[in-house]
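A structural walkthrough
Okay, here's what each chain looks like letter by letter:
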Amino acid sequence: MLSTTGPIGVFDSGYGGLTILDKIRELLPQYDYIYLGDNARTPYGTRSFEVVYEFTLQAVRKLFELGCPLVILACNTASAKALRSIQQNDLPHIDPSRRVLGVIRPTAECIGELTVSRHVGLLATAGTVKSQSYPLEVRKLYPDVQITGVACPLWVPLVENNEFNSPGADYFVHKYIDQLLEQDPEIDTIILGCTHYPLLMDKIRQFTPSHIRLVAQGEYVARSLKDYLSRHTDMRTRCTAGSSCEFLTTESVEKFQEAASIFLHQQVHVRSITLE
Ligand code: DGL
């Protein structure tokens, strides 16, 4: 029998979700958290729907086993490719009282309030752009907003390899932003629709015209979670509040610790697990 109370689970394909976790803990420090990074199988951005779905479901099951009543898919690619199926097809069988939430809806919700021109750009992984999840979600809420997406396949490797501040990164940051603005020059707001991109923020700002607003997701996801918990008392009382955070990785502990110090600017205690 799975425990009915426990930490909030935060899942990502790798390290990037730490940028989301960081903002969630800043706003909701009272809760316990388990962060799970599937570092051994990252990146998800170039993988098929079937594979992303299968890997994400394994991670969700693991976090449920560890007692999480609520799991946040901090990964855009997993939110785009797996969330809907897990919510609709798997949760009813696994445990209908548990919840899985993603990062696309909270981002879509804020967009209509931020854009004036109603032309919004999306920079994300190839998987997220191809899934059309952002245009679909945004259109449901703001039918007058037009979304143009460009995939940035080299940005995740730049961050993962700690090259995000190097002069070499300039070329690829400039290139994708130019591509986006060439496709739609009326864009006044750009969604950074990938967990890793906040680390490239300085460079992205440098190559983006100053009138364009850059939207990193962490703070919107955190606000949306706070709002969700305030509206769902039953779930709120099931999330334990001891201010702890456990880190799990499918890769080596040392590798995770090294990368976590880049994303979180602190040393963390990590445990290695397998997903199947
Ligand atoms: N976490 C992924 C996302 O937000 C980026 C890394 C990957 O491709 O797995 O889309």
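The preceding data block contains the structure.
Overview of the structure. (Residues numbered from 1 in each chain as written. Predicted model: local features only at pLDDT ≥ 70, side-chain atom pairs only at ≥ 80, totals over all residues. Heavy atoms only, no water.)

1. Considering the site of the ligand
We apply this condition: Nearness here has a simple test: a residue counts as near a molecule or strand if at least one of its heavy atoms is within 4 Å of that partner. N or O atoms within 3.5 Å of each other form a polar contact, as long as, within protein, one can give a hydrogen and the other can take it, and as long as residues adjacent in sequence are counted only when both atoms are side-chain atoms. With residues, only the protein chains shown are counted as cover, and all accessible areas are computed by Shrake-Rupley using a 1.4 Å probe. Residue type decides the class: Asp, Glu, Lys and Arg count as charged, Ala, Val, Leu, Ile, Met, Phe, Trp, Tyr, Cys and Pro as nonpolar, and the leftover types, Gly among them, as polar.
Around the ligand, a shell composed of 14 residues is seen, among which Asp 12, Ser 13, Tyr 44, Gly 45 and Thr 77 lie nearest. A distance of 2.8 Å separates a nitrogen atom of the ligand from a polar atom in the side chain of Asp 12. A distance of 2.6 Å separates an oxygen atom of the ligand from a polar backbone atom of Tyr 44. Within the complex, 99% of the 300 Å² of free accessible area of the ligand lies under protein. Looking at the shell around the ligand, its residues break down into five nonpolar, eight polar and one charged.

2. Regarding the packing of helix H2 (residues 49–65) against helix H4 (residues 83–94)
Two numbers describe a pair of packed helices, the interaxial angle and the distance between the axes. Condition: All axes are obtained by fitting lines to C-alpha atoms, using only the stretch in contact for helices, and the reported angles, taken between N-to-C directions, cover 0 to 180 degrees. Numbered from the N terminus, helices here are DSSP runs of H or I no shorter than four residues, and strands are runs of E no shorter than two. Oblique is the label for any angle not covered by the other classes, which are roughly parallel (under 35 degrees), roughly antiparallel (over 145) and roughly perpendicular (65 to 115). Note on convention: the crossing is left-handed when the near helix lies turned anticlockwise from the far helix by less than a right angle, right-handed when the turn is clockwise. Whether two residues touch is decided by their heavy atoms; if any such pair falls within 4.5 Å, the residues are in contact.
The geometry of H2 relative to H4 is characterised by a closest axis approach of 12 Å and an angle of 40° between their N-to-C directions. One way to sum up the angle between H2 and H4 is to call them oblique. Crossing hand, H2 versus H4: right-handed. Within the contact between the two elements, H2 uses Tyr 53, Thr 56, Leu 57, Val 60, Arg 61 and Phe 64 and H4 uses Ser 85, Ile 86, Asp 90, Leu 91 and Ile 94. Classifying every residue of the contact of H2 with H4 gives seven nonpolar, two polar and two charged.

3. Examining the sheet that holds strand S3 (residues 70–73)
Using the following cut-off: When DSSP finds at least two bridges between two strands, those strands are taken to pair.
Taken together, six strands build an open sheet; the order of strands is S4-S3-S1-S2-S9-S10 and the sheet is parallel. The open sheet has two edge strands, strand S4 (99–101) and strand S10 (270–272), and neither has a second partner. Each adjacent strand pair in this sheet contributes to an overall mean axis angle of 20°, direction not counted. The pairing of strand S9 (residues 245–249) with S10 spans three bridges and is parallel.

4. Points about the nonpolar core
Here is the rule we go by: Working definition of a nonpolar core: buried Ala, Val, Leu, Ile, Met, Phe, Trp, Tyr and Cys residues. They are joined through side-chain atoms within 4.5 Å. With a 1.4 Å probe rolled over the protein chains alone, any residue whose accessible area is under 20% of its type maximum counts as buried; one over 50% counts as exposed, and the rest are partly exposed.
Counting 55 residues, the largest nonpolar core has Leu 18, Leu 123, Trp 155 and Leu 229 as the members making the most contacts within it. Setting aside its immediate chain neighbours within four residues, Leu 123 contacts Val 150, Cys 152, Trp 155, Tyr 176, Ile 177, Leu 180, Ile 190, Ile 191, Leu 192, Gly 193, Cys 194 and Tyr 197. Of all hydrophobic cores here, the second largest spans 24 residues; its members include Tyr 44, Ala 59, Ala 78 and Ile 86.

5. So, the sheet that holds strand S5 (residues 119–124)
One open sheet accounts for four strands, arranged S6-S5-S7-S8; its pairing is parallel. Both edges of this open sheet fall to strand S6 (146–151) and strand S8 (213–216), since each of them pairs with a single strand only. When strand polarity is set aside, the average angle formed by the axes of neighbouring strands in this sheet is 25°. Bridge count between S5 and S6: six bridges; the pairing is parallel.

6. What about the side chain of Asp 90?
Worth spelling out the cut-off: Only four residue types enter the tally: Lys and Arg on the positive side, Asp and Glu on the negative side, with His and both chain ends excluded. Throughout this description, the term salt bridge denotes a Lys or Arg side-chain nitrogen within 4 Å of a carboxyl oxygen of Asp or Glu.
With respect to the element layout, Asp 90 can be found in helix H4. The charged side chain of Asp 90 is buried without a salt bridge, its nearest counter-charge being Arg 61 at 5.0 Å.

7. So, the pattern of salt bridges
Counted under the stated rule, the structure contains 14 salt bridges. The residue Glu 109 makes a salt bridge to Arg 105 at a minimum N-O spacing of 3.2 Å. Remark: Arg 105 and Glu 109 occur in helix H5 (residues 104–114); sequence separation between them is four residues, near one turn of the helix. For Arg 105, a relative accessible area of 37% translates into the label partly exposed. One network of salt bridges, with partners in common, ties together Arg 84, Arg 105, Glu 109, Glu 137 and Lys 140.

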